[in-house]
Amino acid sequence: MIFKVFKKEELARLHELLAVNIMVGPVARGNDRNGKPLYDFEVVSDFAELALDYTQTVHSPKRFVLPYRETLSTFTLNPNGWEKQVDLNVRHPLVFFGMHACDINALNKLDLVLAKSTYPNPYYLGKRKNLFILGLSCNPEPQCFCRSMGTDSASHGFDLFLTDLGGKYFAEILSATAFDLLSQISCQEPSSKDHTLYKHLTNEKSKRYTTSVDTSDLTKILDLEFASKAWDYWGEKCLSCGTCANVCPTCYCYGVEEQIDLDLRHAGKTRSLHSCNLIDFAKVAGGHNFRPESATRLKYRYYHKHRGFVEAFEEPLCVGCGRCGAACLADITPPEVIASVRGKM
Ligand code: SF4
Ligand code: SF4
């Protein structure tokens, strides 16, 4: 990895160089009912619109590579039969400006399934390969437990990662594009003082986490506690609304629908992101529902993230961003659910 430092004033110039592309970044979106500022990722062209000191966005940036709803194919009946059209919906390079480490790690996890598996998803892959990612250091929020999940820093999956050193940024460069861009602004080699400051700030950040999750032997504990009463307790609270999957940066389960126009000459296939907490998630043809109770559906979500995915990829499908707990109307949070299953509550 190559390191550089540059003065904060240079960031606007860097933005200008990247703004020839479509850019997605954090913007302020009013306040919640307690007056706490809300942020979200939006397409943004003006540097002044970016809220680079954002805490955490309500939704993850996932929807820009994995849209909530996407047309997979359309069909038209012509004299020779049905003609199929496929549009991977990859138009322009996209810049993510100011992603935190947890969201970069979330994309790395999605890659394992959607880009690097035996059957990659071409719709995702096309968008993913067309990304430039500029990461930005963050300050832990009370709901963040990314440190427990090992995702509080990113070592790959970005082009450029900036850590705020006060008057300047410490830049980690991972791609030739990022290196070329930095050669167009005024930047320097980091001094030993910069190294010391970087290490000091990293150490200080790690002390500011107030929420943690004990993940040791969690896959075994989940196997042991499959029939735990804790699942019924949380299942009774759960509203089966699916909000947790909606805001989660790593949930990727989906359903596919086929529509045929009334003239029987046009048809289409659409993929929509789904949530395993929704009542019809495990309903099959004939009407049988394999998980009719909210407790079994909620349990499934935890088993997928902290057991099944670990078995397949040797890492959990959760980056500890805490979004699901913050958005849940029933106050169900992963740290509390996992602690109760471990018998710590
Ligand atoms: S855990 Fe919370 S957010 Fe998720 S489905 Fe249940 S009530 Fe909704
Ligand atoms: S499960 Fe919750 S804490 Fe984990 S990545 Fe998804 S939203 Fe974040």
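Residues numbered from 1 in each chain as written. Chains lettered and ligands numbered in written order. Predicted model: local features only at pLDDT ≥ 70, side-chain atom pairs only at ≥ 80, totals over all residues.

### Brief notes about the nonpolar core
Test applied: For this analysis, nonpolar core means a set of buried Ala, Val, Leu, Ile, Met, Phe, Trp, Tyr and Cys residues linked through C-beta atoms within 7 Å. For the exposure call, what matters is how many other C-beta atoms sit within 10 Å of a residue's own: 20 or more marks it buried, 12 or fewer exposed, and in between partly exposed, using C-beta atoms placed from the backbone. Any pair of residues counts as being in contact when their C-beta atoms, constructed from backbone geometry, are within 7 Å of one another.
One finds F96 and L160 to be the most contacted residues of the largest nonpolar core, which totals 60 residues. Aside from chain neighbours lying at most four places away, what touches F96 is V24, P61, L131, I133 and L134. C244, V247, F281 and C324 belong to the second largest nonpolar core, which has eight residues in total.

### Here we look at the site of ligand 1
For clarity, the cut-off: A molecule or strand has a residue near it when that residue's C-beta atom, placed from backbone coordinates, lies within 6 Å of it. Gly counts as polar in this scheme, as do all residues outside two lists: the nonpolar Ala, Val, Leu, Ile, Met, Phe, Trp, Tyr, Cys and Pro, and the charged Asp, Glu, Lys and Arg.
Around ligand 1, the structure places 13 residues, and the nearest of them are C238, C241, C244, N277 and C328. By residue class, the composition of the shell around ligand 1 is nine nonpolar, four polar and no charged.

### Notes on helix α10 (residues 294-313)
The line we're drawing: Here a helix means four or more residues in a row that DSSP labels H or I, a strand means two or more in a row labelled E, and each is numbered from the N terminus. A helix is expected to span 1.5 Å multiplied by its residue count minus one. Bend, in this description, refers to the angle at a residue between axes fitted to the seven residues ending there and the seven starting there.
With 20 residues, α10 should reach 28 Å at 1.5 Å per residue; the first-to-last C-alpha distance of 27 Å fits that figure. The sharpest bend along α10 measures roughly 45° and falls at H304. For α10, every residue scored as buried is listed here: S294, R297, L298, K299, R301, Y302, K305, H306 and F309. Buried residues along α10 sit in contact with α7 (218-224), α8 (229-237) and α12 (334-341). A positive backbone phi angle near 60° is found at E314, which sits one or two residues after α10.

### Concerning unusual backbone geometry
The phi torsion at N89 lies on the positive side, around 60°, for a residue other than glycine. On the secondary structure map, N89 appears in the loop between β5 (81-85) and β6 (94-99). By C-beta crowding, N89 is classed as exposed, having 12 other C-beta atoms within 10 Å.

### Quick word on the domain arrangement of the chain
Bring the parts together and some accessible area is lost; that lost area is often taken as the interface size. Applied cut-off: Domains are outlined according to an automatic or database domain assignment.
Segmentation of the chain into domains returns domain 1 (1-65 + 86-210) and domain 2 (213-345). Between the C-alpha centres of domain 1 and domain 2 the distance comes to 27 Å. Taken together, the contact pairs 22 residues of domain 1 with 21 residues of domain 2. Where the side of domain 1 that touches domain 2 is concerned, the elements lending two or more residues are α2 (101-114) and α4 (146-149). Across the side of domain 1 that touches domain 2, the residue classes break down as 11 nonpolar, seven polar and four charged.

### Quick word on the environment of I22
Mapping I22 onto the fold places it in strand β2 (residues 22-31). Placed 24 residues apart in sequence, I22 and D46 show a C-alpha to C-alpha distance of 11 Å.

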